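If you want the building blocks of each chain, they are given just below.
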Amino acid sequence: MFGEKILDYWDDILRDLAKLVAIPSVAVRSSQGKPYGDQCAKALDTVLELAESYGLKTKNVDYYAGHAEYGEGQGNAVVMAHLDVVPAGEGWSTDPFTMVIKDGKAYGRGVSDDKGAAVVALHCLRALKDAGVKGNRKLRVIFGSGEEIGMDDMPHYFAQEQLPDMGFTPDSGYGICHCEKGGLSFTVKSANDSPLIKTFAAGTVVNAVPYKAECRIVCTGEEYNRLLKAAEASEISFAFTRTEDGAAILAQGKAAHAASPQLGQNAAAYTVELLARVFGADRLGSFFQFVHEKIGLTYDGSLLDVDMSDEPSGPLTFNLGLLSAGSNGCSLTVDIRYPATVDGAAISRTIEREVEKAGLEYGLLSNSKPLYLPKESPLVTLLSGAYRDIAGEECTIYSMGGGTYARTMQGKGVGFGPGFPDDEPSNVHDVNEQVDLRRFKLHAQICLEAMYRMLTA
């Protein structure tokens, strides 16, 4: 199999991955020619410089994204990966921006999501070029810079560059993700009319479960003691500090990806529920009363009457990702992944009605339509064959709640790798992100075989 040739480049893959991990490329909205900030721009410059050093054609599309290219022809096959990462968070056992290899695993922010896969794809392109493979179309590896904050990098890229005839993104897992749920995000805002809650802060990005929440409240000494007692029964950890007029609260939950919020413990939601239990919903004020009554500890949208499911993609998921309050007002942001056969606009309208009933302000931030390719499509068949011939087993076809670049290919792409179903948790979007290098080598071989077949099909 051609895919085995990638093993000749393994030391270079690890070296280049370490270079990229060292760049803290957390996407931030910016301007002055660098739409996602200096660090994302640096990461893109770095990977394109590497590609040029390997003899590949490159192009930087206004620092939204860039690509490395091999081959000729009218057609265009692509592999799409992203170089931006979520914030590191607290509690790492190692420096998140120094790649550390220990016990057969590489640790660092981005090794799994998605810098590792990006570097592998780059070296797969290099391997095809070095072998002089003659193909029937161009083959590009596209490197995005804003995937984690909404994927608006790709509309800008494809407004200037050719759409693919076929492609995949190694940003999901094996086998083939032929169906991605729709993605919807919204905000709720209001003045802070709570007589109890002075400040509240939780979450760093909307597409992760907040692992920490901090708030300051007004309470009496007797109420403070009741708060301490009630917290003992909570499923998460709380720390309290008595203040002159009340208390400061620090909640510690567990982070998780917004596509699987049930795997985390939402520190913001647990804190609001604790306050409601001790002080009563009426003391929360209208904004936090809405959080308590219409979100609570649920992760399926049931309290807002939007819980639903379908056969291709499964149930809707609902993640309270950001929550803040202070003297200037209150705000929350929610990430929803909805079933592929459902109308996202109808979900938005349902939630908007509930928000307005509560006297709060609703704002729709985004509605990304689902991805769905039939299992019998030629691309799925091609990738299935590459997987089977390298891995020695049949390739499963599945759906997921995560949103990837596959949906930006307008029906021409799927999610394919790099993780395997029986892998240990890679801690994507959590502390101590890691990748098993033995399994990662297998992914690299599958990736090269798939790229070889797309180039020559």
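Above this text you will find the structure in question.
(A) View of the overall build of the protein chain. Per the secondary structure count, the protein chain includes 10 helices and 22 strands. Its C-alpha atoms put the protein chain at 75 × 45 × 45 Å along the principal axes. A burial count over the protein chain gives 58% of its 457 residues as buried. Entry remark: accessible area of the protein chain is about 18000 Å², with carbon and sulfur atoms responsible for 48%.

(B) Here's a closer look at the sheet that holds strand S17 (residues 329-338). The strand order across the open sheet formed by eight strands is S12-S13-S11-S10-S16-S17-S9-S18, and the pairing between neighbours is antiparallel. Pairing within the sheet leaves two strands with one partner each, and these edge strands are strand S12 (237-242) and strand S18 (361-368). Taken over all neighbouring pairs, the strand axes of this sheet differ in orientation by 20° on average, direction set aside. Pairing analysis gives seven bridges linking strand S9 (residues 182-190) to S18, with the strands arranged antiparallel.

(C) The packing of aromatic side chains, seen in detail. Per the stated rule, a full pass over the model turns up 13 aromatic pairs. Among the aromatic residues, those joined into a ring-pair cluster are Phe168, Tyr174, Tyr387, Phe416 and Phe420. Residue placement shows Arg126 over the ring face of Tyr54; its charged tip is 4.0 Å from the ring centre. Of note, Arg242 hangs over the ring of Tyr224, and the distance from its end group to the ring centre comes to 5.2 Å.

(D) Representation of the pairing of S9 within the structure. Burial within S9 is extensive, with eight of its nine residues counted as buried. The sheet contact formed by S9 and S17 spans nine bridges and is antiparallel. Bridge assignment links Thr187 to a residue of S17, and that residue is Thr333.

(E) Region of the structure containing the packing of helix H1 (residues 10-21) against helix H2 (residues 38-53). Two elements in contact, H1 and H2, have axes whose closest approach is 10 Å; the angle formed by their N-to-C orientations is 160°. Here H1 is positioned roughly antiparallel relative to H2, judged by the angle of their axes. Crossing of H1 over H2 shows right-handed handedness. On the side of H1, the interface is formed by Asp16, Lys19 and Leu20, while H2 contributes Ala43, Thr46, Val47 and Leu50. When the residues that make up the contact of H1 with H2 are grouped by side-chain class, the tally is four nonpolar, one polar and two charged.

(F) Quick look at helix H5 (residues 221-231). Along H5, the residues classified as buried are Glu223, Tyr224, Leu227, Ala230 and Ala231. Projected onto a plane normal to the axis of H5, the buried residues spread over an arc of 125° and lie on a single side. Looking at H5, the residues exposed on the side facing more than 90 degrees away from the buried face are Glu222 and Lys229. As for H5, its buried residues are in contact with strand S11 (212-218), S12, strand S13 (246-252) and helix H6 (267-279).

(G) A look at the nonpolar core. Ranked by internal contacts, the top residues of the largest apolar core, which has 69 residues, are Phe143, Phe168, Phe416 and Met451. Considering each element in turn, this core owes the most residues, 10 residues, to helix H10 (residues 437-456). Counting 53 residues, the second largest nonpolar core, distinct from the first, contains Phe186, Tyr224, Ala230 and Ala276.

(H) Examining the side chain of Asp84 more closely. By the element assignment, Asp84 lies in the loop between strand S3 (76-82) and strand S4 (100-102). Buried and unpaired, Asp84 has no salt bridge, with Lys115 as the nearest side chain of opposite charge at 8.8 Å. Here the side chain of Asp84 touches Glu148 through a polar contact of 2.7 Å, landing on its backbone nitrogen. Each residue touching Asp84, except ones within four places of it in the same chain, is listed here: Ser25, Ala27, Cys40, Asp113, Gly144, Ser145, Gly146, Glu147, Glu148 and Ile149.

(I) Main features of the pattern of salt bridges. In total, this model carries 26 salt bridges according to the counting rule given. For Asp422, the salt bridge identified is with Arg439, shortest N-O distance 2.3 Å. Of this pair, Asp422 sits in the loop between strand S21 (413-416) and strand S22 (434-436) while Arg439 sits in helix H10, and the two are 17 residues apart along the sequence. The class for Asp422 is exposed, based on a relative accessible area of 60%. One salt-bridge network, in which partners are shared between bridges, spans Asp12, Arg15, Asp16, Arg126, Lys129 and Asp130.

(J) Summary view of the state of the cysteines. The full count for this structure, using the stated rule, is zero disulfides. Of the cysteine sulfurs around Cys124, a residue in no disulfide, the closest is that of Cys447, at 4.0 Å. On the accessibility criterion, Cys447 (0% relative accessible area) is buried.

(K) Region of the structure containing the environment of Tyr299. Considering the arrangement of structural elements, one finds Tyr299 in the loop between helix H7 (285-294) and strand S14 (309-310). Assessed through its relative accessible area of 42%, Tyr299 is described here as partly exposed. A C-alpha to C-alpha distance of 26 Å links Tyr299 and Lys198, two positions 101 residues apart in sequence. Ignoring anything within four residues of it in the chain, the contact list for Tyr299 reads Pro261, Gln262, Leu316, Thr317 and Phe318.

(L) Geometry of unusual backbone geometry. Look at the link from Tyr174 to Gly175: it is a cis peptide, with omega at 0°. By secondary structure assignment, the location of Gly175 is in the loop between strand S7 (166-169) and strand S8 (176-180). Unlike most non-glycine residues, Gln410 shows phi in positive territory, near 55°. Here Gln410 lies in the loop between strand S20 (397-400) and S21. With phi around 60°, Asn432 is a residue other than glycine that occupies positive phi space. Residue placement: Asn432 occurs in the loop between S21 and S22.

Rules and cut-offs
Residues numbered from 1 in each chain as written. Predicted model: local features only at pLDDT ≥ 70, side-chain atom pairs only at ≥ 80, totals over all residues. Heavy atoms only, no water. Helix = DSSP H or I, 4+ residues; strand = E, 2+ residues; numbered from the N terminus. Buried < 20%, exposed > 50% of the residue type's maximum accessible area, 1.4 Å probe, protein only. Areas by Shrake-Rupley, 256 points an atom, 1.4 Å probe, with all protein chains shown as cover. Pairing = 2+ DSSP bridges. Axes fitted to C-alpha atoms, helices over the stretch in contact; angles between N-to-C directions. Phe/Tyr/Trp six-rings, centres within 6.5 Å; stacked < 30°, edge-to-face > 60°. Lys NZ or Arg CZ within 6 Å of the ring centre and 35° of its normal. Parallel < 35°, antiparallel > 145°, perpendicular 65-115°, else oblique. Left-handed = near helix turned anticlockwise from the far one by under 90°. Contact = heavy atoms within 4.5 Å. Nonpolar A, V, L, I, M, F, W, Y, C, P; charged D, E, K, R; others polar. Arc of directions from axis to C-beta. Core = buried A, V, L, I, M, F, W, Y, C linked by side-chain atoms within 4.5 Å. Lys, Arg positive; Asp, Glu negative; His and termini not counted. Salt bridge = Lys/Arg side-chain N within 4 Å of Asp/Glu carboxyl O. Polar contact = N/O pair within 3.5 Å; in protein donor to acceptor, adjacent residues only side chain to side chain. Disulfide = S-S within 2.5 Å.

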